[in-house]
Amino acid sequence: MSSILKVDTIQNTGGTTGLTIDSSGRPLTPSRPAFKAHSSASGWQSFASTLEVVMPFNATQHNVGSHWDTSNYRFVAPCNGVYFFYGQLYHNDSTQCQLRIKVNGSAVAFVNNRTQGTTAGASLTYELSTSDQVNMTAKLNSTDSTDWYADPSYAFLCGYLIG
């Protein structure tokens, strides 16, 4: 007859809970890095340039572990692992909108959208090392007061550690 070991909580050597199993047997990972970053501005915004710009996501809907930097608009990986990211931008350029998700300054996802008043979006899984930096950039061919729409459901970057 084999015995069953019931695990309630697993802690690392620093005493931080890394995994909890609830009474229904579901694993909970309260310290798993996850974020959704967006701009605190509201409504149509201008890039004021036709150059590639880092998206000014200075607010978060959630930021588990505080790894999204609202001052520098980037995620800094707290540990090695495979992460999922999704970036989205609602834009108003009729000729070209380029969206990039970048790791340490190099594009790892690229979308080129040429339809005015639509959403450009990109998603990917990517293996990061500790301290790798992820952000989202955009570039439009023209610039005016209605370049992109700042709203947490229209323009954002989100991500989380898969494992």
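All of these numbers come straight from a predicted model, not from anything done at the bench. (Residues numbered from 1 in each chain as written. Predicted model: local features only at pLDDT ≥ 70, side-chain atom pairs only at ≥ 80, totals over all residues. Heavy atoms only, no water.)

*Asks:* Which parts of the structure should I look at to understand the pattern of salt bridges?
*Replies:* Applying the stated rule across the entire model yields 2 salt bridges. Arg100 is the partner of Glu52 in a salt bridge, and the nearest nitrogen-oxygen pair spans 3.8 Å. Taken together, the residues Glu52 in the loop between β5 (43-45) and β6 (53-54) and Arg100 in strand β11 (residues 97-103) connect sequence positions 48 residues apart. The residue Glu52 makes a salt bridge to Lys102 at a minimum N-O spacing of 3.0 Å. Within this pair, whereas Glu52 is found in the loop between β5 and β6, its partner Lys102 is found in strand β11, the two being separated by 50 residues in sequence. Each of Glu52, Arg100 and Lys102 takes part in one network of salt bridges that share partners. (Salt bridge = Lys/Arg side-chain N within 4 Å of Asp/Glu carboxyl O. Helix = DSSP H or I, 4+ residues; strand = E, 2+ residues; numbered from the N terminus.)

*Asks:* Where do I start with the nonpolar core in this structure?
*Replies:* Side chains that are nonpolar tend, in soluble globular proteins, to be buried together. Among the nonpolar cores identified, the biggest contains 31 residues, and Met55, Phe57, Phe75, Phe85, Leu89 and Leu128 are the most heavily contacted of them. Elements with a minimum of two residues in this core: β4 (34-38), β10 (81-91), β11, β12 (106-113), β13 (118-128), β14 (133-140), β15 (148-150) and β16 (156-161). Sequence-distant contacts of Leu89, that is, excluding residues within four places in its chain, are made with Met55, Cys97, Leu99, Thr118, Thr119, Ala120, Met136, Ala138, Trp148, Tyr154 and Ala155. (Core = buried A, V, L, I, M, F, W, Y, C linked by side-chain atoms within 4.5 Å. Buried < 20%, exposed > 50% of the residue type's maximum accessible area, 1.4 Å probe, protein only. Contact = heavy atoms within 4.5 Å.)

*Asks:* Help me out: how do you make sense of the packing of aromatic side chains in this one?
*Replies:* Two descriptors summarise a pair of aromatic rings, namely the distance from one centre to the other and the angle between the planes of the rings. A full pass over the atoms with the stated rule returns 14 aromatic pairs. Ring centres of Phe75 and Phe85 lie 5.9 Å apart, and the angle between their planes is 65°; on these two criteria the pair is classed as edge-to-face. Of this pair, Phe75 sits in strand β9 (residues 74-76) while Phe85 sits in strand β10, placing them 10 residues apart in sequence. On the basis of relative accessibility, which here comes to 1%, the residue Phe85 falls in the buried class. On the basis of an interplanar angle of 40° and a centroid distance of 5.5 Å, the ring pair of Phe84 and Tyr160 is categorised as tilted. Of this pair, Phe84 sits in strand β10 while Tyr160 sits in strand β16, and the two are 76 residues apart along the sequence. Put simply, the rings of Phe35, Trp68, Phe75, Tyr83 and Phe85 touch in pairs and so form one group of aromatic residues. The ring of Phe156 carries the charged tip of Lys36 above its face, separated from the ring centre by 4.5 Å. (Phe/Tyr/Trp six-rings, centres within 6.5 Å; stacked < 30°, edge-to-face > 60°. Lys NZ or Arg CZ within 6 Å of the ring centre and 35° of its normal.)

*Asks:* Explain the confidence of the model for the chain here, please?
*Replies:* In low-pLDDT segments, the atomic positions of the prediction should not be examined closely. Put simply, the chain has an average pLDDT of 89, and 87% of its residues get 70 or more. Low confidence marks residues 1-5, where pLDDT is under 50. Its contacts with residues over four positions away, or in another chain, come to 0 contacts. (pLDDT = per-residue confidence, 0-100.)

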